[in-house]
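# Understanding the architecture of this molecule
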Amino acid sequence: MHIAEGFLPPAHAIAWGVASAPFVVHGVRSLTREVREHPESTLLLGASGAFTFVLSALKLPSVTGSCSHPTGTGLGAILFRPPIMAVLGTITLLFQALLLAHGGLTTLGANVFSMAIVGPWAGYGVYRLLRRWDVPLMVTVFFGAFVADLSTYCVTSVQLALAFPDPSSGFLGALGKFGSIFAVTQIPLAVSEGLLTVIVMRLLVQSSKGELTRLGVLLTRTGERKQEAVAR
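Now for a description of the structure that goes with this document. Position numbers for residues count from 1 along each chain, tracking the sequence in the order it is written. Totals for whole chains, interfaces and linings use all residues, but because this is a predicted model, local features are given only for residues with pLDDT of at least 70 and pairs of side-chain atoms are given and counted only at 80 or more. To obtain the side-chain values, all non-hydrogen atoms of the structure were included, while hydrogens and water were left out.

## Here's the deal with the packing of helix H3 (residues 73–80) against helix H5 (residues 108–132)
Packed helix pairs are characterised by how far apart their axes lie and by the angle those axes make with each other. Rules: Convention adopted: a line fitted to C-alpha atoms gives each axis, helices being fitted over their contacting stretch, and angles between N-to-C directions are expressed from 0 to 180 degrees. Each helix is a run of H or I in the DSSP string that is no shorter than four residues. Each strand is a run of E no shorter than two, and both are numbered from the N terminus. Should an angle lie under 35 degrees it is considered roughly parallel, over 145 roughly antiparallel, and from 65 to 115 roughly perpendicular; all remaining angles are considered oblique. In this scheme the crossing of two helices becomes right-handed for a clockwise turn of the near helix relative to the far one and left-handed for an anticlockwise turn of less than a right angle. Residues are treated as being in contact if the distance between any of their heavy atoms lies within 4.5 Å.
In the contact formed by H3 and H5, the axes pass within 8 Å of each other and the chain directions differ by 60 degrees. With respect to H5, the axis of H3 lies oblique. Between H3 and H5 lies a crossing whose hand is right-handed. For the pair H3 and H5, the contacting residues are Thr 73, Ala 77 and Ile 78 in the first and Met 115, Gly 119, Pro 120, Tyr 124 and Tyr 127 in the second.

This is the structure:
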């Protein structure tokens, strides 16, 4: 869902940059605190960023001026919460714009808002809601990654429809057209990303059980009791 360099009108590009900036600044503070208080988490942070970079670099042509691809943001949001994912996603998008000509600097704010902010928050929200309902961990991971991917494409459709409304049917007509075109590739990609994220999480459960427990992904008996108390 990277919007290409120079594709958005300048006013739209600036507005999305301004909207994204507070989330990224907050994320930098969260990331700095995480690294300072838990330096052992740097390896997992790097892995989360790499997962996002690799998946979101696998682009398929879609709407003119954009593309379809997995996002990889659900995993990092589940592990480290959405604010930190805003930073990792921004770094990913910046490097892709500079090194791969994927996205762009003028559209960075719009791409950050859809993929690094809305996607992680939506996916994390679904993940936490399902955990509260005692849904098995891997099912919550699947739907968290699935929703993070789909919500990104929905926001990109809104961004493009706002910038290029249909001459006859306006914003809603353009939104329907952009959304339907994206859906052909994005829904299968979201399912695939959800399944891949489950596989990665299974590997992390085997190799980093202590770290996942500290992050709250795996619950101890005390954590389970606290969760039950909150649910009541």
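## Some words on the packing of aromatic side chains
The cut-off we apply is this: Working definition: a ring pair exists when centres of Phe, Tyr or Trp rings (six-membered ring for Trp) sit within 6.5 Å. Plane angles under 30 degrees give stacked, over 60 give edge-to-face, the rest tilted. With a 1.4 Å probe rolled over the protein chains alone, any residue whose accessible area is under 20% of its type maximum counts as buried; one over 50% counts as exposed, and the rest are partly exposed.
For the structure shown, the criterion picks out six aromatic pairs. Their ring planes at 85 degrees and their centres at 5.1 Å tell us that Phe 142 and Phe 143 sit as a pair that is edge-to-face. With a relative accessible area of 36%, Phe 143 lands in the partly exposed category. Centroid distance Phe 142 to Phe 146: 5.9 Å. Interplanar angle 15 degrees. Geometry classified as stacked. Note that Phe 142 and Phe 146 are positioned in helix H6 (residues 137–163) at a spacing of four residues, about one turn of the helix. Overall, Phe 142 belongs to the buried group, its relative accessible area being 16%.

## Comments concerning H6
Cut-off, in case you're wondering: A helix's residues, less one, multiplied by 1.5 Å, set its expected span.
A rise of 1.5 Å per residue sets the reference length of H6, with its 27 residues, at 39 Å; its end C-alpha atoms lie 39 Å apart and thus fit the reference within 8%. Burial runs high along H6: 21 of the 27 residues are buried.

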